[in-house]
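An overview of the molecular structure
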Amino acid sequence: MTGGQATALPTLTARRLGLLSQHDAIVLMREDSPVCRSEGHAPRSQVLLMAHGREVTATLYQITGGDLVQADEAGLSEAAWARLGVVDGDHIHVRHPSALASMSSVRRRVYGKRLDAGAMVEIIADVAAGRYTDVHLSAFLTACSALPLDRDEVVHLTRAMVQAGERLTWDSPIVIDKHSVGGLPGNRTTPIVVAIVAANGLVIPKTSSRAITSPAGTADTMETLTKVDLDLAAMRRVVEQEGGCLAWGGAVRLSPADDVLIRVERVLDIDTEGQLVASVLSKKIAAGSTHVVLDIPVGPTAKVRSQDDADAISDSLTYVARLCGVEVRCVRTDGGQPVGRGIGPALEARDVLSVLRGAPDAPADLRRRACLLAGAALELAGRCGAGEGTHLAERTLADGRAWEKFQRICEAQGGLREPPRSTVSRPLVAPRAGRVVAINNRTLARLAKLAGAPDAKAAGVDLHVRLGDEVAAGEPLMTVHAQAPGELAYALDYAAANPDILSLEP
């Protein structure tokens, strides 16, 4: 047919619903909407929304009437609204999304076929663009878990995740980074490590995450002390001025597919070695790191539970990093109990400040671990000889250079402030005399979250005892902090129902 006009795309008017759906893009339309009728859009189907040159694949929900949306409107969740960049009254084009060619590769993986580099690039590009539903994501993640990724696939996945987002470059031949594989409450070594490393003249532009399932991420803790929502220009300014920064990684688009995959992994309770390696290294490579120290806590209730598991993860991280042009040093640490005293953003920030300020009562275990990891970074970067790094890190703390550098970094990011304090708290006391023989990291983290962490910055748990300590009956074992009496009561009920949080033996 010639001489005809192109068919106009169906159009609706944007309406902001204020619907909080976390990461999910959701669109709400009337059942009698002319677009739904003419295009055959059914409830819970996927639709492609377009405006201002942007595209979002959203899940459609329908209503039968009322005033929430009119027949010529499309109501958007906050996630969809932000991605489209629209304002009330803008026109949105709506159509069926194209078939996802990359799903054929996912189906091949379901049936046990290995994926090459091209297939991984296509899949991750679609994931980062928001074209995969949770069903698609679950199929991909499950297929990569039932038959674990081989080393080639991990390399392909890592490179594809880097390629799907921004990649930072720095005017330095050596760029340091540090990461912990997680699973340990407290363990807020990163701010201390950054201060020590930067004070010794190295570049360490640290981007960190907010908590996903833990009581606090490094970004949550640092947010109680300074501004962390730095865009790329602000990050560069701070790093050029001070050699390091402590920023929230969500403000820059580094390995965006990783955040999407992690969200679904948590729901499925899937956390395989290959996906962990790709997740960690893709963020570091995208951040422009050349040398990375990786903290691997090993313990019965940590993420890595045995030395054999630590061996496997260390080998895989080192292998993939080398092929991606990054030098890595894996440091195994004790994962048998929390690090520091505080668990929760403000409580962990208090511990960090006490170590940096050289307070006599600063947590010795947090200080030791931070110096161990900072020392490994200093050795890896060639700032000192083998075996000398920890001593250099300790001197940098003792002579005040680390504290001075930390203050300068915070001032460059927007100013240093003191962390907030909780409004209500209650100690949990020993029911009998005995020796502390076990601390359940996971149950303790859950307790801190029920008290309100990380959203309530001052909420969490203050731990008063360590493994091996002798306690008397009635002696405080920990203090639960909250911002509301209801949250405190809820956390205390959980503690009463879970006595395995801390185990005593006569």
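Use the structure listed above.
Read on for an overview of the structure. Every value quoted in this text rests on a predicted model; they were computed, and no experiment measured them. (Residues numbered from 1 in each chain as written. Predicted model: local features only at pLDDT ≥ 70, side-chain atom pairs only at ≥ 80, totals over all residues. Heavy atoms only, no water.)

1. What to know about the sheet that holds strand E10 (residues 291-298)
Here we have 3 strands laid out as an open sheet, ordered E7-E10-E11, and parallel in their pairing. Whereas interior strands pair on both sides, the edge strands pair on one side only; in this sheet they are strand E7 (176-180) and strand E11 (327-334). Going across the sheet, the axis of each strand differs from the next one's by a mean of 20°, ignoring polarity. In this sheet, E11 lies alongside E10 in parallel orientation, the contact comprising 8 bridges. By the bridge assignment for E11, valine 292 is matched with valine 328. Across the sheet, helix H11 (residues 273-286) touches E7, E10 and E11, and the angle it forms with E7 is around 160°. (Pairing = 2+ DSSP bridges. Helix = DSSP H or I, 4+ residues; strand = E, 2+ residues; numbered from the N terminus. Axes fitted to C-alpha atoms, helices over the stretch in contact; angles between N-to-C directions. Contact = heavy atoms within 4.5 Å.)

2. Re the packing of aromatic side chains
Aromatic ring pairs are defined here through the distance separating the ring centres and the angle between the ring planes. With the rule as written, the count across this model stands at 1 aromatic pair. Seen from their ring centres, tryptophan 403 and phenylalanine 406 are 6.3 Å apart, and the 20° between their planes marks the pair as stacked. With tryptophan 403 and phenylalanine 406 both in helix H16 (residues 401-413) and 3 residues apart, this pair spans about one turn of that helix. For phenylalanine 406, a relative accessible area of 0% translates into the label buried. The ring of tyrosine 319 has arginine 151 lying over it, and the distance from NZ or CZ to the ring centre is 4.5 Å. A cation over an aromatic ring shows up here: arginine 210 above the ring of tryptophan 248, its NZ or CZ 4.4 Å from the ring centre. (Phe/Tyr/Trp six-rings, centres within 6.5 Å; stacked < 30°, edge-to-face > 60°. Buried < 20%, exposed > 50% of the residue type's maximum accessible area, 1.4 Å probe, protein only. Lys NZ or Arg CZ within 6 Å of the ring centre and 35° of its normal.)

3. Here's the deal with the packing of helix H7 (residues 190-199) against helix H14 (residues 364-380)
At a minimum axis separation of 9 Å, H7 and H14 run at an interaxial angle of 45°. Comparing their axes, H14 and H7 come out oblique. Where H7 crosses over H14, the two elements pack in a sense that is right-handed. Here Ile192, Val193, Ile196 and Val197 of H7 lie close against H14, whose contacting residues are Leu366, Ala370, Leu373, Ala374, Ala377 and Leu378. Among the residues forming the contact of H7 with H14, the class breakdown is 10 nonpolar, no polar and no charged. (Parallel < 35°, antiparallel > 145°, perpendicular 65-115°, else oblique. Left-handed = near helix turned anticlockwise from the far one by under 90°. Nonpolar A, V, L, I, M, F, W, Y, C, P; charged D, E, K, R; others polar.)

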